[in-house]
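# Per-entry structural report
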Amino acid sequence: MENTNEMMIEFDSRSCNEGFARVAVAAFCTQMNPTLEEVADLKTAISEAITNAIIHGYENEIHKIRIECKIVGHDLYVTVIDHGKGIPDVKKAMEPLFTTKPEMERSGMGFAFMEAFMDEIAVVSQPGVGTEVHMKKRVGCGSSPFA
Amino acid sequence: MENTNEMMIEFDSRSCNEGFARVAVAAFCTQMNPTLEEVADLKTAISEAITNAIIHGYENEIHKIRIECKIVGHDLYVTVIDHGKGIPDVKKAMEPLFTTKPEMERSGMGFAFMEAFMDEIAVVSQPGVGTEVHMKKRVGCGSSPFA
Amino acid sequence: VGEIKRFLRDDGIIKVSRSLKQIAGQAKKAGERLSKELGREATILEISEEIGVDREDVIMALESSYHPEYLYSVIHQ
Ligand SMILES: Nc1ncnc2c1ncn2[C@@H]1O[C@H](COP(=O)(O)OP(=O)(O)O)[C@@H](O)[C@H]1O
Ligand SMILES: Nc1ncnc2c1ncn2[C@@H]1O[C@H](COP(=O)(O)OP(=O)(O)O)[C@@H](O)[C@H]1O
Ligand SMILES: [Mg+2]
Ligand SMILES: [Mg+2]
């Protein structure tokens, strides 16, 4: 397809790589002509997914996190993948305020933020295998009269 | 090792992805405390390697380019990989002013720039298989009196 | 090496980098101004054209305001 473009990044699950990953995804999507707000939304959603992979998926051990991005027209698809602990009950995990680490800041709101800042989110997870967070956002339609 | 960190990016060989790739590497290496000049040098070297993969390796067909980055202490290792045409005579290709596309701007100076802006470069290539450009640069030593 | 670098910079091939902090400041101001003019949110591309910085560099500069400790080293030189 003409207006398709793909990239993938993979990095150690260190929190010092969160900024790099955010910038990489944001830089990739600049070709979609996003507004500052769209970029900020995207960064927030990605940060939450990465933080989850680091803290919950790998419980702070260092393994690989992978982010796949695809642009199809005005749609940006982002998938954040870890091969960590997995989630036994995805539906429950996605409920606002549900958390297995209540001592953390903003407890239990990560998935809620991802839902709020992206247009679609689907989580696929298997205990002992890992977690994939699939997100989609329409980007760069602000300047079109039909947006 | 404690002070090691790795990332990898893979993307379609479209020139619109050059900026993304450059910034991704730059963002990754900010944890090394680089000077602005070091970041600029790095970006130039990476741009040249990516341009070569797009133009010479894949001859403007769309395939994947991969960049692997590793930080070990103050050393940044960057490898730019394509699975394109390959280079029959690497030694000759690396000579300043040698080019197989003389109509291009800055003809034949790509490898010379990579050598100038990085501390080490090694090119591994096989016709029909592809090309790997391995580069190394010491980064973030500016503040040390012994640098 | 110094010669080559100087040649490239004088040639404008390498833009002498503005600091990320400068770029972030300019981007924010340009964003506000453009949004007023256009009556809608300015895009990253519009901002990058306005201040003459690559769109990806605008992204990188804005990252510094996302996460204060991130990029501090580059910003503070
Ligand atoms: N990548 C992941 N791997 C394993 N468990 C996860 C992952 N992401 C989320 N979870 C689980 O889902 C819960 C809810 O996540 P979230 O909404 O981000 O809230 P919080 O991170 O504050 O706990 C987490 O507490 C955790 O149990
Ligand atoms: N990734 C690559 N794949 C195939 N050939 C390459 C690649 N990179 C460089 N080359 C060959 O090496 C030559 C010299 O490269 P370079 O110094 O960058 O100069 P230029 O790109 O201006 O030709 C190119 O003309 C090309 O023949
Ligand atoms: Mg969370
Ligand atoms: Mg070249």
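Residues numbered from 1 in each chain as written. Chains lettered and ligands numbered in written order. Predicted model: local features only at pLDDT ≥ 70, side-chain atom pairs only at ≥ 80, totals over all residues. Heavy atoms only, no water.

### A short note on the overall build of chain C
- Along the backbone of chain C there are five helices and zero strands.
- Overall, chain C shows an N-to-C arrangement of helices and strands of α-α-α-α-α.
- A burial count over chain C gives 43% of its 77 residues as buried.
- Restricting to contacts in chain C with at least 6 residues of sequence separation, those with at least 24 account for 43%.
- If you sum the accessible surface of chain C, you get close to 4,300 Å²; carbon and sulfur atoms cover 51% of it. (Helix = DSSP H or I, 4+ residues; strand = E, 2+ residues; numbered from the N terminus. Buried < 20%, exposed > 50% of the residue type's maximum accessible area, 1.4 Å probe, protein only. Contact = heavy atoms within 4.5 Å. Areas by Shrake-Rupley, 256 points an atom, 1.4 Å probe, with all protein chains shown as cover.)

### A closer look at the overall build of chain A
- A count of helices and strands for chain A gives four helices and five strands.
- Within chain A, contacts between residues separated by at least 24 positions form 64% of all contacts whose residues are at least 6 apart in sequence.
- For chain A, the exposed surface amounts to about 6,700 Å²; the carbon and sulfur share of it is 53%.

### Details of helix α2 (residues 36–57) of chain B
All names here are of chain B.
- Here α2 contains 22 residues, and its C-alpha end-to-end distance of 30 Å stays within 8% of the 32 Å for a straight helix at 1.5 Å per residue.
- Among the 22 residues in α2, 18 count as buried, and that is most of the element.
- Looking one or two places after α2, you find Glu59, whose phi comes out positive at around 45°. (Expected span 1.5 Å × (residues − 1).)

### Brief notes about the side chain of Lys136(B)
- Tracing the chain through its elements places Lys136(B) in strand β5 (residues 130–138).
- With sequence-adjacent residues up to four places away left out, Lys136(B) is seen in contact with Asp75(B), Leu76(B), Tyr77(B), Met118(B), Asp119(B) and Glu120(B).

### Topic: the interface of chain A and chain C
- Facing 19 residues of chain A, the contacting portion of chain C comprises 16 residues.
- Between chain A and chain C, roughly 1,600 Å² of surface is buried when both sides are summed, and carbon and sulfur atoms account for 62% of that area.
- Among the residues chain A hides against chain C, the three largest losses belong to Val23(A), Thr30(A) and Leu36(A). Together they make up 33% of the total.
- For the interface between chain A and chain C, the tally reads two salt bridges.
- Across the pair Glu63(C) and Lys43(A) runs a salt bridge whose closest N-O atoms are separated by 2.9 Å.
- Put simply, chain A and chain C have six residue pairs in polar contact (both at pLDDT 80 or more) between them. (Buried area = accessible area lost by both parts, 1.4 Å probe. Salt bridge = Lys/Arg side-chain N within 4 Å of Asp/Glu carboxyl O. Polar contact = N/O pair within 3.5 Å; in protein donor to acceptor, adjacent residues only side chain to side chain.)

### Focus on the sheet that holds strand β5 (residues 130–138) of chain A
- Read across the open sheet, the 10 strands follow the order β4(A)-β5(A)-β3(A)-β2(A)-β1(A)-β1(B)-β2(B)-β3(B)-β5(B)-β4(B); overall the sheet is antiparallel. The outermost strands of the open sheet, each flanked by one partner alone, are β4 (120–126) of chain A together with β4 (120–126) of chain B. Strand-to-strand, the axes of this sheet are offset by a mean angle of 10°, without reference to chain direction.
- Relative to β5(A), strand β3 (residues 75–82) of chain A runs antiparallel, the two being bridged by eight bridges. Within β5(A), the position partnered with Asp75(A) by the bridge is Arg138(A). (Pairing = 2+ DSSP bridges. Axes fitted to C-alpha atoms, helices over the stretch in contact; angles between N-to-C directions.)

### Concerning the site of ligand 2
Residue and element names in this part refer to chain B.
- The environment of ligand 2 is formed by 19 residues, the closest being Asn52, His56, Thr99, Thr100 and Gly108.
- Within the side chain of Asn52, an N or O atom sits 2.8 Å from an oxygen atom of ligand 2.
- In the environment of ligand 2, an oxygen atom lies 2.6 Å from a nitrogen or oxygen atom belonging to the backbone of Gly108.
- Among the elements of the structure, α2 and α4 (110–117) are those that each provide at least two residues to the shell around ligand 2. (Near = heavy atom within 4 Å.)

### A short note on the site of ligand 1
All names here are of chain A.
- Near ligand 1 there are 19 residues, and of these Asn52, His56, Thr99, Thr100 and Gly108 occur at the shortest range.
- In the model, a nitrogen atom of ligand 1 is placed 3.4 Å from a nitrogen or oxygen of the Gly57 main chain.
- Interatomic distance of 2.6 Å between a backbone N/O atom of Gly108 and an oxygen atom of ligand 1.
- Here ligand 1 has 530 Å² of accessible area as a free molecule, and 95% of this is covered by the chains.

### Here we look at the relation of the copies chain A and chain B
- Once chain A is rotated about the relating axis by 180° and shifted along it by 0.0 Å, it coincides with chain B to within an RMSD of 0.1 Å. Taken together, the rotation and translation relating the two chain copies correspond to the operation of a two-fold axis. (Least-squares fit on C-alpha atoms with pLDDT ≥ 70 in both.)

### Let's talk about the pattern of salt bridges
- With the rule as written, the count across this model stands at 33 salt bridges over all chains.
- Between Lys64(B) and Glu6(A) there is a salt bridge whose closest N-O contact spans 3.2 Å. Placement of Lys64(B) in strand β2 (residues 64–72) and of Glu6(A) in strand β1 (residues 4–12) is noted, with the two residues assigned to different chains.
- Here Asp12(B) and Arg14(B) are joined by a salt bridge, their closest N and O atoms 3.8 Å apart.
- Salt bridges here are not isolated pairs; linked through shared partners, they connect Glu6(A), Lys70(A), Asp12(B), Arg14(B) and Lys64(B).

### Brief notes about the packing of helix α1 (residues 18–29) of chain A against helix α1 (residues 18–29) of chain B
- Orientation of α1(A) relative to α1(B), taken along the N-to-C sense of each, is 165°, at an axis distance of 9 Å. Relative to α1(B), the element α1(A) is oriented roughly antiparallel. Judged by the twist between their axes, the crossing of α1(A) over α1(B) is right-handed. Packed against α1(A), whose contacting residues are Phe20(A), Val23(A), Ala24(A), Ala27(A) and Phe28(A), the element α1(B) presents Phe20(B), Val23(B), Ala24(B), Ala27(B) and Phe28(B) at the interface.
- Across the contact of α1(A) with α1(B), the residue classes break down as 10 nonpolar, no polar and no charged. (Parallel < 35°, antiparallel > 145°, perpendicular 65-115°, else oblique. Left-handed = near helix turned anticlockwise from the far one by under 90°. Nonpolar A, V, L, I, M, F, W, Y, C, P; charged D, E, K, R; others polar.)

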